[in-house]
Amino acid sequence: MKLKDETIKFMENAISTAQLVGVATLVIEPNLLRGIDEDRTVFILQDKDVPDMEFGSIGLTRLPTLTSRIKVAENLDGFSIEAKAAESDDENDEEPFARSLTMKGKGLKVEYRCANPHQLISARQAGPKQMNDKMEFCVEFDDHAVEMLQKGQAAMKAETVSVISNDGVTFELLDVNNDVFSHQFADDAVNLTGKETTKFAYRYPVKTLLLLFKHASEGLLTVSQRGIMCINVNGLNVYVLPQV
């Protein structure tokens, strides 16, 4: 079956975003996109504006391979992608899914074998299906905040950064001697639950946070009650778990 342009565009955007943030596996299900990195510290979870796919679900691994095969074909006349659905497996009672994709262009046909999304989900390689932790805080940031975080990382050679809300919202980085680099990047946080408190402090991998800040769709981050940070990248929700 031939994929709609909307489906192809969404899939390419999902793959590009996943590669950007180090997510190696994606599962696209009805009304749901999800994926998680190997260290289980970053995950993508999108349950809005996910196009319906005629074949049900699809599991995508080897993302650089798929990207390169799409790029070979997409600039050719008559470019299209066709999906071959897996045969029904009544014994396992699995929902339908795509077994393979075929990229086509004038004089070209190149195939890509998909992963079984049900196996990825069973092996917990697809990431969470829903966000059970309620978002509590919201903070705005700008290009200057991104610049200062980058300079702080370069100056301190730190692996983590603390985001602290207490009379202003700051980045705090420590070097090996516990010298501190601190920059206030916002006047205050907003409590999304209606409570008065805006105080929190959580630590994250600085390279991951810097990458997300640089590619954020808008200058906004949200933090959950347990410290899970969410930043929208390319229109998709990317979550970062706090460090212990």
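The model shown is predicted, which means the values in this text are computed figures rather than measured ones.

Caption draft 1: Looking closely at the overall build of the protein chain. On a plain count of helices and strands, the protein chain comes out with five helices and 16 strands. Its C-alpha atoms put the protein chain at 60 × 35 × 30 Å along the principal axes. Expressed as a percentage of the 244 residues in the protein chain, the buried residues total 48%. Of the contacts made within the protein chain by residues no fewer than 6 positions apart, 60% connect residues no fewer than 24 positions apart.

Caption draft 2: The packing of aromatic side chains, seen in detail. Summed over all chains, the structure comprises six aromatic pairs. When the ring of Phe43 is compared with that of Tyr239, the centres are 4.9 Å apart and the planes differ by 10°; the resulting orientation is stacked. On the criterion of sequence distance, the pair formed by Phe43 in strand S3 (residues 42-46) and Tyr239 in strand S16 (residues 236-240) is long-range, its members being 196 residues apart. The two residues Phe43 and Tyr239 agree in class, both being buried. Centre to centre, the rings of Phe171 and Phe213 are 5.8 Å apart; their planes meet at 55°, and the pair counts as tilted. You can see Phe171 sitting in strand S10 (residues 169-174) and its partner Phe213 sitting in helix H5 (residues 206-214), a full 42 residues away along the chain. Each member of the aromatic cluster is reached from another via a ring pair, and the members are Phe141, Phe171, Phe185 and Phe213.

Caption draft 3: Molecular detail of H5. Along H5, the residues classified as buried are Val206, Leu209, Leu210, Leu212 and Phe213. Axial view of H5: buried residues confined to an arc of 165°, hence all on one face.

Caption draft 4: Representation of the pairing of strand S6 (residues 98-105) in the model. Burial analysis of S6 places six of its eight residues in the buried class, which makes it a mostly covered element. Bridge analysis of strand S5 (residues 80-85) against S6 gives six bridges, and the strand direction is antiparallel. Counterpart to Ala85 in the pairing with S6 is Ala98. Strand direction decides the pairing type here: S6 and strand S7 (residues 108-113), joined by six bridges, are antiparallel. The partner of Lys104 across the bridge, within S7, is Lys109.

About the criteria used
- Residues numbered from 1 in each chain as written.
- Predicted model: local features only at pLDDT ≥ 70, side-chain atom pairs only at ≥ 80, totals over all residues.
- Heavy atoms only, no water.
- Helix = DSSP H or I, 4+ residues; strand = E, 2+ residues; numbered from the N terminus.
- Buried < 20%, exposed > 50% of the residue type's maximum accessible area, 1.4 Å probe, protein only.
- Contact = heavy atoms within 4.5 Å.
- Phe/Tyr/Trp six-rings, centres within 6.5 Å; stacked < 30°, edge-to-face > 60°.
- Arc of directions from axis to C-beta.
- Pairing = 2+ DSSP bridges.

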